[in-house]
Amino acid sequence: MPTMYSRESFNRQRDKAATVSSAAGRLTAGVAVTFGLGQLAIIRVLNGRIAKDKELAFELALFLAYAFMVGFLVWRMDRAVTAQRIRCPKCGKALKGSAEDTAGATGKCTYCRGQVIT
(Lines give C-alpha, C1' and ligand atoms only; values in the text may rest on other atoms or scores of the structure.)
Protein backbone atom coordinates (compact mmCIF):
# COMPACT_ATOMS: atom_id res chain seq x y z
CA MET A 1 0.00 0.00 0.00
CA PRO A 2 1.19 3.54 -0.71
CA THR A 3 2.11 5.83 2.15
CA MET A 4 0.54 9.21 2.82
CA TYR A 5 1.79 12.07 0.69
CA SER A 6 3.20 15.37 1.86
CA ARG A 7 1.79 18.36 -0.02
CA GLU A 8 5.03 18.59 -2.04
CA SER A 9 5.13 14.90 -2.95
CA PHE A 10 1.42 14.99 -3.84
CA ASN A 11 2.00 17.88 -6.24
CA ARG A 12 5.14 16.24 -7.72
CA GLN A 13 3.28 12.97 -8.34
CA ARG A 14 0.34 14.85 -9.85
CA ASP A 15 2.70 16.71 -12.19
CA LYS A 16 4.48 13.46 -13.11
CA ALA A 17 1.17 11.81 -14.06
CA ALA A 18 0.23 14.87 -16.15
CA THR A 19 3.60 14.76 -17.94
CA VAL A 20 3.23 11.04 -18.73
CA SER A 21 -0.34 11.64 -19.93
CA SER A 22 0.72 14.49 -22.19
CA ALA A 23 3.65 12.61 -23.73
CA ALA A 24 1.65 9.41 -24.26
CA GLY A 25 -1.27 11.40 -25.67
CA ARG A 26 0.95 13.13 -28.22
CA LEU A 27 2.46 9.81 -29.28
CA THR A 28 -0.95 8.17 -29.57
CA ALA A 29 -2.42 11.07 -31.55
CA GLY A 30 0.60 11.31 -33.85
CA VAL A 31 0.61 7.60 -34.64
CA ALA A 32 -3.18 7.50 -35.08
CA VAL A 33 -3.20 10.44 -37.52
CA THR A 34 -0.15 9.20 -39.44
CA PHE A 35 -1.46 5.67 -39.84
CA GLY A 36 -4.99 6.90 -40.54
CA LEU A 37 -3.76 9.07 -43.39
CA GLY A 38 -1.45 6.27 -44.55
CA GLN A 39 -4.37 3.88 -44.66
CA LEU A 40 -6.37 6.32 -46.79
CA ALA A 41 -3.37 6.86 -49.10
CA ILE A 42 -2.93 3.11 -49.59
CA ILE A 43 -6.62 2.71 -50.41
CA ARG A 44 -6.47 5.58 -52.89
CA VAL A 45 -3.31 4.26 -54.60
CA LEU A 46 -4.71 0.76 -54.89
CA ASN A 47 -8.13 1.94 -56.03
CA GLY A 48 -8.79 0.31 -59.39
CA ARG A 49 -5.80 -2.02 -59.09
CA ILE A 50 -7.61 -4.55 -56.94
CA ALA A 51 -10.54 -6.63 -58.12
CA LYS A 52 -13.83 -5.04 -57.02
CA ASP A 53 -14.89 -8.16 -55.14
CA LYS A 54 -11.72 -8.04 -52.99
CA GLU A 55 -11.61 -4.29 -52.50
CA LEU A 56 -14.02 -4.14 -49.56
CA ALA A 57 -12.29 -7.02 -47.74
CA PHE A 58 -8.90 -5.32 -48.18
CA GLU A 59 -10.22 -1.97 -46.92
CA LEU A 60 -11.88 -3.68 -43.97
CA ALA A 61 -8.65 -5.49 -43.08
CA LEU A 62 -6.72 -2.19 -43.21
CA PHE A 63 -9.31 -0.48 -41.03
CA LEU A 64 -9.37 -3.30 -38.47
CA ALA A 65 -5.57 -3.30 -38.24
CA TYR A 66 -5.67 0.48 -37.76
CA ALA A 67 -8.43 0.26 -35.12
CA PHE A 68 -6.54 -2.47 -33.24
CA MET A 69 -3.34 -0.42 -33.26
CA VAL A 70 -5.07 2.73 -31.99
CA GLY A 71 -6.92 0.73 -29.34
CA PHE A 72 -3.64 -0.81 -28.18
CA LEU A 73 -1.98 2.61 -27.96
CA VAL A 74 -4.89 4.03 -25.94
CA TRP A 75 -4.77 1.01 -23.60
CA ARG A 76 -1.01 1.42 -23.21
CA MET A 77 -1.40 5.14 -22.52
CA ASP A 78 -4.08 4.50 -19.90
CA ARG A 79 -1.88 1.93 -18.11
CA ALA A 80 1.14 4.25 -18.13
CA VAL A 81 -0.87 7.14 -16.70
CA THR A 82 -2.63 4.95 -14.12
CA ALA A 83 0.75 3.66 -12.93
CA GLN A 84 1.79 7.26 -12.16
CA ARG A 85 -1.46 8.35 -10.52
CA ILE A 86 -1.75 9.17 -6.86
CA ARG A 87 -3.13 6.23 -4.88
CA CYS A 88 -5.02 6.40 -1.63
CA PRO A 89 -2.90 4.97 1.20
CA LYS A 90 -5.99 3.43 2.83
CA CYS A 91 -7.97 1.82 -0.04
CA GLY A 92 -5.27 1.81 -2.76
CA LYS A 93 -7.51 3.23 -5.50
CA ALA A 94 -5.93 5.47 -8.12
CA LEU A 95 -7.27 9.00 -7.82
CA LYS A 96 -8.08 10.67 -11.11
CA GLY A 97 -10.09 13.62 -12.28
CA SER A 98 -12.35 15.08 -9.61
CA ALA A 99 -11.20 12.48 -7.05
CA GLU A 100 -7.64 13.78 -7.41
CA ASP A 101 -8.86 17.38 -7.20
CA THR A 102 -10.87 16.60 -4.06
CA ALA A 103 -7.86 14.90 -2.46
CA GLY A 104 -5.75 17.93 -3.31
CA ALA A 105 -8.27 20.31 -1.75
CA THR A 106 -9.34 18.32 1.31
CA GLY A 107 -6.46 15.88 1.82
CA LYS A 108 -8.95 12.99 1.87
CA CYS A 109 -9.82 10.16 -0.51
CA THR A 110 -13.14 10.52 -2.30
CA TYR A 111 -13.79 6.78 -2.16
CA CYS A 112 -12.99 5.80 1.45
CA ARG A 113 -12.48 9.21 3.13
CA GLY A 114 -9.01 8.07 4.24
CA GLN A 115 -6.25 10.63 4.71
CA VAL A 116 -4.14 11.06 1.55
CA ILE A 117 -2.09 14.14 2.41
CA THR A 118 -0.39 14.63 5.76
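Since the structure is predicted, the reported quantities are computational estimates derived from the model, not experimental observations.

**Q** I'd like a rundown of the pattern of salt bridges, residues and numbers included.
**A** Under the definition given, this model contains three salt bridges. Of the charged contacts, one joins Arg14 and Glu100 as a salt bridge, the two residues approaching to 3.4 Å between their closest N and O atoms. Separated by 86 residues along the polypeptide, Arg14 in helix H1 (residues 7–46) and Glu100 in helix H3 (residues 98–106) bring together distant segments of the chain. Under the relative-accessibility criterion, Arg14 is labelled partly exposed at 23%. Residues Lys52 and Glu55 are paired through a salt bridge, measuring 3.8 Å at the closest nitrogen-oxygen approach. Of the two residues, Lys52 and Glu55 are both situated in helix H2 (residues 52–84); the distance of three residues between them amounts to about one turn of the helix. By relative accessible area, Lys52 is classed as exposed at 65%. Here the salt bridges share partners, and the residues they tie into one network are Arg14, Glu100 and Asp101.

How each quantity is defined
Residues numbered from 1 in each chain as written. Predicted model: local features only at pLDDT ≥ 70, side-chain atom pairs only at ≥ 80, totals over all residues. Heavy atoms only, no water. Salt bridge = Lys/Arg side-chain N within 4 Å of Asp/Glu carboxyl O. Helix = DSSP H or I, 4+ residues; strand = E, 2+ residues; numbered from the N terminus. Buried < 20%, exposed > 50% of the residue type's maximum accessible area, 1.4 Å probe, protein only.

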